[in-house]
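Here is how the chains run, residue by residue.
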Amino acid sequence: MGGYQDVSVIVAPYDSGHRGVRMGAGPEHLLGGGLRGALRERGLSPSIETVHPEGDPPAEVATAFELDGLVSERVRGALADGRVPLVLSGNCNASVGTISGAGTSSLGIVWFDAHADFNTPETTTSGFTDGMGLAVAVGHCWRRMAGGVPGFFPVPEENVVLAGVRDAQPAEKERLAASEVTVVEANRIDREGLRALAGALDDLKAAVGRVYVHLDLDVLDAEKVGRANEFAPRGGLGTEELLAALGMVSGRFDVAAAGIASYDPTFDADGRVLKTALACVGALVSPSNPAVQGDPRERKPL
Ligand SMILES: [Mn+2]
């Protein structure tokens with residue numbers, strides 16, 4: 001992250017329009033569980049601001065886009081103040097607000113997720129708006145709603161790297177294959193290690209210098225690390241692997257903004273996901289983090 005002075009933590013503690021419920025409890029659990037301390041240890045003095053939608057009663061789609069608008073304004077304000085925005089949200093679709101606030105011109109997206117979040121209203125079988133976040137970001141659906149988010153403009157498909165996926169639905173796979181999104185599936189990382197991701201990032205680097213980093217915590221291996229939410233499928237990245245991957249991103253790009261989403265503390269009774277998430281924050285906001293640079297995989301040519 002080049003040139004920033006500090007961090008603005010922007011908190012959107014909602015899941016499907018409901019405050020503090022399920023994954024909506026994640027942001028405040030991260031804050032209460034040591035996120036401030038993790039940032040202060042790095043010499044940062046984070047500002048923390050929580051956004052609240054006013055739409056009443058809450059409605060999944062309307063509230064998601066209302067939150068996007070609020071997040072966009074806070075992100076833009078943070079960047080204007082020379083602070084890098086770190087958005088903690090229940091749902092991944094808050095990323096639409098984050099990229100809007102960061103400005104999508106020459107912005108790449110590096111999206112870590114077990115799921116593709118690439119459904120549209122016409123392909124979803126769950127009806128869960130959260131499964132459409134990346135599709136919205138590249139302009140594939142909910143265009144009028146996204147158009148109401150201040151600063152929104154779709155990110156070109158070719159400027160997106162989706163990593164760690166292992167549970168895409170058939171329709172999503174078809175839509176991804178037909179798109180220019182670069183997918184680095186979890187099973188490919190299993191086989192080839194992080195060099196699969198390195199190649200994708202190098203290609204992205206030829207197109208953009210700044211990225212939004214999206215971290216759905218269910219990209220983590222539910223057995224080896226911990227279960228981030230009820231939707232986490234088998235397999236996934238280990239803690240060191242994810243930290244190394246984030247280091248590869250922050251080593252190549254100016255991280256314009258970052259987001260952490262989909263953390264339901266109910267599934268993390270022993271706090272292992274929390275611990276990993278805090279380490280990830282360090283890797284994202286501090287490229288000199290020795291935990292990242294000291295990883296032997298980072299010293300090998302990838
Ligand atoms: Mn997701």
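Here the residue numbers are simple positions, counted from 1 along each chain's written sequence. pLDDT decides what is reported in this predicted model: residues at 70 or higher carry local features, side-chain atom pairs at 80 or more are listed and counted, and totals for whole chains, interfaces and linings draw on all residues regardless. Side-chain metrics rest on all non-hydrogen atoms present in the structure, leaving aside hydrogens and water.

Regarding the coordination of the manganese ion
Phase 1: The coordination sphere of the manganese ion contains the protein donors Cys-92 (SG), Asp-113 (OD), Asp-117 (OD) and Asp-216 (OD), at a distance range of 2.1 to 2.4 Å.
Phase 2: With water omitted from the atoms examined, metal sites may look incomplete; donors here are N, O and S atoms no farther than 2.8 Å from the metal, or 3.2 Å in the case of Na, K and Ca. Mapping the donors of the manganese ion onto the primary sequence gives the spacing C-x20-D-x3-D-x98-D. Linking Cys-92 in the loop between β5 (83–89) and α3 (95–102) with Asp-113 in the loop between β6 (107–112) and α4 (133–137), this pair joins segments that are 21 residues apart in sequence. The exposure classification of Cys-92 matches that of Asp-113, with both residues buried. The way it works is that DSSP assigns letters per residue, a run of H or I at least four long becomes a helix, a run of E at least two long becomes a strand, and they are numbered from the N terminus. Only protein chains enter the accessibility calculation, which uses a 1.4 Å probe. A residue is then buried if its area is under 20% of the maximum for its type, exposed if over 50%, and partly exposed in between.

A word on the environment of Pro-265
Phase 1: Position of Pro-265 relative to the elements: it lies in the loop between β10 (254–261) and α10 (272–285).
Phase 2: Each C-alpha atom, one on Pro-265 and one on His-29, is 6.9 Å from the other, the two residues being 236 residues apart in sequence.
Phase 3: In this analysis, two residues are considered to be in contact whenever any of their non-hydrogen atoms come within 4.5 Å of each other. Not counting residues up to four positions away in its chain, the partners in contact with Pro-265 are Arg-22, Ala-25, Gly-26 and His-29.

Section: the packing of aromatic side chains
Phase 1: Each Phe, Tyr or Trp ring (for Trp, its six-membered ring) is paired with any other whose centre lies within 6.5 Å, and the angle between the two planes then decides the class: stacked below 30 degrees, edge-to-face above 60, tilted in between. Using the criterion set out here, one finds two aromatic pairs in the structure.
Phase 2: Here Phe-65 and Trp-142 contribute two aromatic rings whose centre-to-centre distance is 6.2 Å and whose plane-to-plane angle is 55 degrees, an arrangement assigned as tilted. Of this pair, Phe-65 sits in helix α2 (residues 60–80) while Trp-142 sits in the loop between α4 and α5 (143–147); the two residues are 77 residues apart in sequence, bridging distant segments of the chain.
Phase 3: With relative accessibility at 8%, the residue Phe-65 sits in the buried group.
Phase 4: Both rings, one in Phe-128 and one in Phe-231, keep their centres 5.7 Å apart while their planes meet at 40 degrees; by these two values the pair is tilted. Residue Phe-128 is found in the loop between β6 and α4, and its partner Phe-231 is found in the loop between β9 (210–216) and α9 (239–252); the two are separated by 103 residues along the sequence.
Phase 5: Only Lys NZ and Arg CZ are tested; either one counts as a charge over a ring when it is within 6 Å of the ring centre and within 35 degrees of the ring normal. A cation over an aromatic ring shows up here: Arg-175 above the ring of Phe-118, its NZ or CZ 4.6 Å from the ring centre.
Phase 6: Across the ring face of Phe-253, the terminal group of Lys-205 is positioned such that the distance to the ring centre comes to 5.5 Å.

A word on the side chain of Asn-159
Phase 1: For Asn-159, the position within the fold is in the loop between α5 and β7 (160–165).
Phase 2: Under the relative-accessibility criterion, Asn-159 is labelled buried at 9%.
Phase 3: When near neighbours in sequence (up to four residues on either side) are disregarded, Asn-159 contacts Leu-107, Gly-108, Ile-109, Leu-204, Ala-207 and Val-208.

What about the pattern of salt bridges?
Phase 1: By definition, a salt bridge exists where a carboxyl oxygen of Asp or Glu is found within 4 Å of a side-chain nitrogen of Lys or Arg. Under the defined criterion, the tally for this structure stands at nine salt bridges.
Phase 2: Among the ionic pairs, Asp-15 bridges to Arg-22, the shortest N-O distance being 2.7 Å.
Phase 3: Judged by relative accessible area, which is 29%, Arg-22 ranks as partly exposed.
Phase 4: Among the ionic pairs, Glu-230 bridges to Arg-22, the shortest N-O distance being 3.6 Å. One end of the pair, Glu-230, is in the loop between β9 and α9; the other, Arg-22, is in the loop between β3 (18–19) and α1 (26–40), and 208 residues separate them in sequence.

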